[in-house]
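# Structure at a glance
Each chain, letter by letter, is given below.
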Amino acid sequence: SPEAHRCVSMAVELLTRPSLLVVDEPGVGLELAQQHHVMELLRRQADLGCVVVVASTSPVHVNMCDQVLLLTPAGQLAFAGHPS
């Protein structure tokens, strides 16, 4: 399945202990509990010093982020800052 392939791809990337990880829509196609697990994994990587950039159209896990950039549909910056 595409979801399993995405999880395997992410696991392979994490094995290399990257200093930068860019992830596009990590929760697409996953159930909410699985989405939360993936975001926890990415949060742990950030806590270990990896710069993690997540592009997402879902605000569900925004509070797990250190910084948030919100773009308008036209691609203009609407907000930049702490998620609170």
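Residues numbered from 1 in each chain as written. Predicted model: local features only at pLDDT ≥ 70, side-chain atom pairs only at ≥ 80, totals over all residues. Heavy atoms only, no water.

As a further point, take the overall build of the chain. Assigned secondary structure in the chain consists of 2 helices and 4 strands. Counting over 84 residues, the chain shows a buried share of 24%. Residue pairs in contact within the chain that sit at least 24 positions apart in sequence constitute 44% of those at least 6 positions apart. As presented, the chain carries roughly 6100 Å² of accessible surface, and 61% of it is formed by carbon and sulfur atoms. (Helix = DSSP H or I, 4+ residues; strand = E, 2+ residues; numbered from the N terminus. Buried < 20%, exposed > 50% of the residue type's maximum accessible area, 1.4 Å probe, protein only. Contact = heavy atoms within 4.5 Å. Areas by Shrake-Rupley, 256 points an atom, 1.4 Å probe, with all protein chains shown as cover.)

Between its first and last C-alpha, helix α2 (residues 32-47) extends 22 Å over 16 residues, near the 22 Å set by a 1.5 Å rise per residue. Gln35, Val38, Met39, Leu42 and Gln45 are the residues of α2 that are buried. The buried residues of α2 occupy an angular sector of 110° when the element is viewed end-on, so they sit on one face. Along α2, the residues that are exposed and aim more than 90 degrees away from the buried face are Ala33 and Asp47. Immediately beyond the C-terminal end of α2, within one or two residues, lies glycine 49, with a positive phi of roughly 105°. (Expected span 1.5 Å × (residues − 1). Arc of directions from axis to C-beta.)

The next subject is the environment of serine 58. Mapped onto the fold, serine 58 is located in the loop between β2 (51-55) and β3 (68-71). Along the sequence, serine 58 and valine 28 sit 30 residues apart, while their C-alpha atoms lie 9.2 Å from each other. Within the local environment of serine 58, its side chain forms a polar contact with the backbone nitrogen of valine 60, the two atoms lying 3.3 Å apart. (Polar contact = N/O pair within 3.5 Å; in protein donor to acceptor, adjacent residues only side chain to side chain.)

This paragraph deals with the pattern of salt bridges. This structure, assessed with the given rule, holds 2 salt bridges. The partner of arginine 43 in a salt bridge is aspartate 66, with the nearest N and O atoms 3.0 Å apart. Taken together, the residues span a long stretch of sequence, with arginine 43 in helix α2 and aspartate 66 in the loop between β2 and β3 at a distance of 23 residues. Aspartate 66 gets classed as partly exposed once you look at its relative accessible area, which sits at 47%. Each of Arg43, Asp47 and Asp66 takes part in one network of salt bridges that share partners. (Salt bridge = Lys/Arg side-chain N within 4 Å of Asp/Glu carboxyl O.)

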